[in-house]
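# Observations on chain architecture
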Amino acid sequence: MSTNLVIDMKTNINETIGSYTQMELLRFTTAGSVDDGKSTLIGRLLYDSKAIFEDQLKALEKASMLKGDETINLALLTDGLKAEREQGITIDVAYRYFHTPRRKFIIADTPGHIQYTRNMVTGASTANLALILVDARHGIVEQTRRHAFIASLLQIPHMVVCINKMDLVSYSEERFNEITQQFLEIATKLDIKDIRFVPICALHGDNIVKRSTQMPWYEGPTLMWLLETIYISSDTNFIDARFPVQYVIRPNSKEFHDYRGYAGRVASGIFRKGDKIKVLPSGYTSTIVQIDIFENSINEAVAGQSVSIVLADDIDISRGDMIVKENNLPVISQDVEMMFCWFNERPLQIKGKYILRHTTNEVKCMINDVRYKIEMNTLQRNETDKHVGMNDIGRMSVRTQKPIFFDSYRKNRNTGSVILIDEITNETIAAGMII
Amino acid sequence: MISYKNTHLQELENEAIYVIREAAAQFERPTMLFSGGKDSIVMYHLARKAFYPAKVPFPLLHIDTGHNFQETLEFRDYLMKKTGGTCIVRYVQDTINQGKVQEETGYNASRNVLQTVTLLDAIEEFKFDCAMGGGRRDEEKARAKERFFSHRDEFGQWDPKNQRPELWNIFNGRKKMGEHFRVFPLSNWTELDVWLYILLEKIEIPSIYFSHEREVFNRDGVWLATAPFMKLKPTEHPVIKRVRCRTIGDITCTGLVLSEASSVEDIVAEIAQTRITERGGRYDDKRSDTAMEDRKREGYF
């Protein structure tokens with residue numbers, strides 16, 4: 001178990017710097033309301049990993065005192081906007097950073113109420129892990145169900161359920177097991193690959209970084225241990241090679257007169273020098289002769305890398321095209337079924353026209369039908385009510401003006417996700433997860 | 001050096017290059033704000049990486065307040081010459097001379113707020129529709145809510161309560177005439193990440209980041225450099241100290257730290273142990289609890 005979260009720089013600076021440069025990155029999301037201890041938990045993680053600084057702590061003490069709070073109000077640290085501090089609520093997604101010797105963490109901290117479903121979806125979209133808080137006194141409530149549903153909808157690979165405020169239920173193992181059981185029943189109806197449960201008391205720090213002495217019956221790892229060690233490398237899709245072309249690099253210089261590089265970030269899979277490739281939508285084929293990162297040429301580019309690819313043949317390729325391998329093609333279609341979350345006050349218009357963005361591609365589209373809406377209170381499908389407003393989640397069918405090249409979101413988060421944009425206001429009005 | 005397990009710095013680099021390329025692709029007339037500080041130097045380095053072997057396909061823009069450290073200006077000119085970059089400079093003094101803003105007076109007088117007007121004028125002058133900035137979310141609580149692609153209305157203003165949702169890595173840079181975007185490729189970097197990256201990539205930085213002797217005075221616990229335009233209170237006395245800059249802004253508001261750090265390794269070691277936030281020494285943030293949010297709303301960097 002790791003209790004030494006801060007590297008002692010004096011022991012060996014070079015070794016320490018070396019280990020800093022080898023850290024992995026874990027992005028996780030939290031959702032919660034004012035009173036379930038979310039802010040306390042985040043404050044605890046930041047504080048114990050020494051990510052809260054002295055001047056921040058002093059400012060916090062002063063602000064808490066002025067507001068008449070008896071203890072330091074850690075929520076004041078996470079609520080960044082004036083309106084949020086005035087109202088004592090989190091409105092938007094806030095990003096927090098901390099690190100331990102093993103990993104760097106990015107927390108997407110979102111509000112938990114139903115009217116902020118869209119913020120939760122936003123925070124969940126980039127997360128490797130969802131941290132769900134349950135108040136041990138209240139057990140599973142509507143909000144817990146909603147958070148778990150959103151994590152599953154957005155295909156967050158790992159879920160850690162923290163049963164908080166164990167001190168208020170006398171650190172009862174029975175209560176912990178009861179809640180775990182209830183949660184697992186919900187999980188069977190959802191698509192969750194990896195769930196862990198940790199009994200904690202965020203206020204006193206039990207099982208956060210240090211093992212609780214109050215709950216000897218719990219033999220599992222602490223929360224920090226899970227965050228530091230959950231295996232995330234296998235979450236990336238290394239199978240389906242997809243390279244959305246972002247930008248075409250043409251130097252127009254004497255030295256690189258004929259250079260034409262296709263710049264982009266590998267969405268999934270691996271591309272190697274010598275690979276036979278196919279370009280969509282044109283269907284032209286060619287071979288990769290060079291993969292560049294700045295002044296270096298490399299032999300292979302893997303998912304997540306920003307590179308520039310040079311092909312053997314001079315073919316017409318522009319932004320929005322996709323380079324794939326001949327023997328592994330994505331779906332190419334104008335009819336797309338997707339789960340969606342609606343973001344805008346202006347309701348969804350069936351037969352309405354919108355702009356659809358998918359990877360680096362942009363096309364016009366029409367929403368053909370709303371198949372069903374999810375009742376967020378019960379998580380039941382509603383096939384009769386077709387009115388979709390802000391924060392609604394459901395399934396729709398969309399027809400695009402030109403074919404797009406995609407995979408199912410479940411298989412590939414990068415090539416299975418879209419956003420819809422209002423043509424007039426240019427606002428992002430919906431997120432879509434392709435089925 | 002490819003492994004299937006990306007380190008956090010590789011991931012941050014890949015993300016930042018992706019964001020910079022996205023800005024170059026989505027906007028007609030992008031620019032990159034350059035201050036001569038470490039964040040903008042790292043951002044420019046990433047831009048060079050993003051388009052190599054082509055040149056960076058947009059100019060940099062520096063708003064010179066006239067209160068800069070001389071070393072920063074010299075470094076800016078040196079870097080542009082070395083890399084073949086283009087940097088447009090616009091002066092706050094010109095904005096003052098045009099009567100558009102009034103110079104602050106008193107002991108805490110600063111041109112920090114004034115430069116927003118010069119910046120917005122420059123954006124209008126060159127019809128820039130996107131200005132990339134080196135702002136990071138870990139710097140300040142209002143920045144923690146900032147998007148990678150952040151919309152500005154026709155008055156250059158930010159509406160934090162009405163931001164576009166930003167999902168996955170799909171950025172929406174669509175806008176109406178006259179509106180523009182601020183784009184922040186380093187959003188997810190922390191101060192330590194920036195220094196580790198400078199170390200690994202062997203990026204050159206201005207000499208004032210390293211320990212040197214300078215005439216300074218103490219104001220409310222912050223060490224500030226003396227300069228002809230700095231008014232000292234009767235109780236403040238200049239002394240010579242070994243200091244370095246942790247951030248670089250105007251001389252009027254950049255707190256210097258007492259430090260012996262003379263290499264990037266030393267700085268990394270110092271940052272990793274420090275218990276005060278980076279902007280803790282920034283006088284401009286101390287004006288009020290929402291100083292940053294207020295300035296950002298008006299169109300600040």
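Whatever comes next refers back to the structure up there.
The structure reproduced in this document is the subject of the present report.

The rules behind the values
Residues numbered from 1 in each chain as written. Chains lettered and ligands numbered in written order. Predicted model: local features only at pLDDT ≥ 70, side-chain atom pairs only at ≥ 80, totals over all residues. Heavy atoms only, no water. Helix = DSSP H or I, 4+ residues; strand = E, 2+ residues; numbered from the N terminus. Buried < 20%, exposed > 50% of the residue type's maximum accessible area, 1.4 Å probe, protein only. Contact = heavy atoms within 4.5 Å. Areas by Shrake-Rupley, 256 points an atom, 1.4 Å probe, with all protein chains shown as cover. Salt bridge = Lys/Arg side-chain N within 4 Å of Asp/Glu carboxyl O. Polar contact = N/O pair within 3.5 Å; in protein donor to acceptor, adjacent residues only side chain to side chain. Nonpolar A, V, L, I, M, F, W, Y, C, P; charged D, E, K, R; others polar. Pairing = 2+ DSSP bridges. Axes fitted to C-alpha atoms, helices over the stretch in contact; angles between N-to-C directions. Parallel < 35°, antiparallel > 145°, perpendicular 65-115°, else oblique. Right-handed = clockwise from strand over helix to strand, strands pointing away. Phe/Tyr/Trp six-rings, centres within 6.5 Å; stacked < 30°, edge-to-face > 60°.

### Structural notes on the overall build of chain B
In terms of regular secondary structure, chain B is built from 8 helices and 10 strands. Residue burial in chain B is summarised as follows: out of 301 residues, 64% are buried. Taking the contacts inside chain B whose residues are at least 6 apart along the sequence as the reference set, 73% of them involve residues at least 24 apart. Only carbon and sulfur atoms are counted for the fraction: they give 50% of the accessible area of chain B, which is about 11600 Å².

### Concerning the overall build of chain A
Along chain A, the regular secondary structure elements total 9 helices and 23 strands. Looking at chain A residue by residue over its 435 residues, the buried ones come to 60%. In chain A, the proportion of contacts linking residues at least 24 apart, taken out of those at least 6 apart, comes to 69%. Of the roughly 18100 Å² of accessible surface on chain A, 47% is carried by carbon and sulfur atoms.

### Comments concerning the pattern of salt bridges
All names here are of chain B. With the rule as written, the count across this model stands at 45 salt bridges over all chains. Among the ionic pairs, E103 bridges to R111, the shortest N-O distance being 2.6 Å. The exposure class of R111 is buried, given its relative accessible area of 6%. A salt bridge links D138 to R136; the shortest N-O distance between them is 3.0 Å. A residue is classified by how much of its surface remains accessible, and D138, at 28% relative accessible area, is partly exposed.

### Some points on the side chain of A:D109
The topology assignment puts A:D109 in strand β3 (residues 103-111). Classification of A:D109 by relative accessible area gives buried; the value is 0%.

### Structural notes on the interface of chain A and chain B
Across the contact, 88 residues belong to chain A and 74 residues belong to chain B. Where chain A touches chain B, the interface holds 5 salt bridges. If you look at where chain A meets chain B, you find 24 residue pairs in polar contact (both at pLDDT 80 or more). Here the residues of the side of chain A that touches chain B are counted per class, giving 40 nonpolar, 26 polar and 22 charged.

### Comments concerning the sheet that holds strand β6 (residues 180-183) of chain B
Residue and element names in this part refer to chain B. Ordered in space as β3-β2-β1-β4-β6-β5, the 6 strands form an open sheet in which the pairing is mixed. Where the open sheet ends on each side, the last strands, each with one partner, are β3 (87-91) and β5 (149-152). Across this sheet, the average inter-strand angle for adjacent strands is 30°, counted without regard to direction. Looking at chain direction, strand β1 (residues 30-33) and strand β4 (residues 130-132) are connected through 3 bridges and run parallel. The residue bridging P30 from the neighbouring strand is C130, located in β4. Seen against the sheet, helix α2 (residues 38-51) touches β1, β2 (60-64) and β4 and runs at an angle of roughly 140° to β1.

### Observations concerning the packing of helix α1 (residues 8-26) of chain B against α2(B)
All names here are of chain B. The geometry of α1 relative to α2 is characterised by a closest axis approach of 9 Å and an angle of 75° between their N-to-C directions. Considering the angle they form, α1 stands roughly perpendicular to α2. Contacts from E13, A16, I17, I20, R21 and A24 in α1 reach M43, L46, A47, K49, A50 and F51 in α2.

### Re the pairing of β1(B)
Both faces of the sheet carry side chains from a regular strand, because those side chains alternate between them. Residue and element names in this part refer to chain B. Neither face of β1 is exposed, since P30 and M32 on one face and T31 and L33 on the opposite face are all buried. Summarising the sheet, β1 and β2 pair through 2 bridges and their orientation is parallel. Across the sheet, the residue bridging to M32 is L60, located in β2. Taking the sense of rotation as the criterion, the β-α-β connection linking β1, α2 and β2 turns out right-handed.

### Description of the packing of aromatic side chains
One pass over the structure, following the stated rule, counts 25 aromatic pairs over all chains. Taken together, a centroid distance of 6.1 Å and an interplanar angle of 75° make the contact between A:F243 and A:F271 edge-to-face. Of this pair, A:F243 sits in strand β7 (residues 242-244) while A:F271 sits in strand β10 (residues 270-272), placing them 28 residues apart in sequence. Considered together, A:F243 and A:F271 belong to a single accessibility category, that of buried residues. Measuring from centroid to centroid gives 6.0 Å for A:F256 and B:Y52, while their planes differ by 70°, and the two rings are edge-to-face. Taken together, the positions of A:F256 in the loop between β8 (247-249) and β9 (261-265) and B:Y52 in the loop between α2 and β2 put the pair across two chains.

### Some words on helix α2 (residues 38-48) of chain A
Residue and element names in this part refer to chain A. Across the 11 residues of α2, 8 count as buried, placing the element largely inside the fold. Restricting attention to buried positions, one finds in α2 the residues K38, S39, L41, I42, G43, L45, L46 and D48. Immediately downstream of α2, the backbone of K50 shows phi near 60°, a positive value.

### Let's talk about unusual backbone geometry
Glycine aside, a negative phi is what most residues show, and trans is what most peptide bonds show. The peptide bond linking A:L280 to A:P281 adopts the cis configuration, its omega dihedral lying at 10°. Inspection of the secondary structure puts A:P281 in the loop between β11 (276-280) and β12 (285-293). Of note, the bond from B:Y52 into B:P53 is cis; its omega dihedral lies within 30 degrees of zero at 5°. Secondary-structure assignment places B:P53 in the loop between α2 and β2. Phi angles above zero are rare outside glycine, and A:Q155 is one such case at about 55°. Position of A:Q155 among the secondary structure elements: in the loop between α7 (142-153) and β5 (158-164). The class for A:Q155 is buried, based on a relative accessible area of 9%. In this structure, B:K127 is a non-glycine residue whose phi angle is positive, near 55°. With respect to the element layout, B:K127 can be found in the loop between α5 (115-125) and β4.

In short, the description is geometric, and any link to function would need to be established separately.
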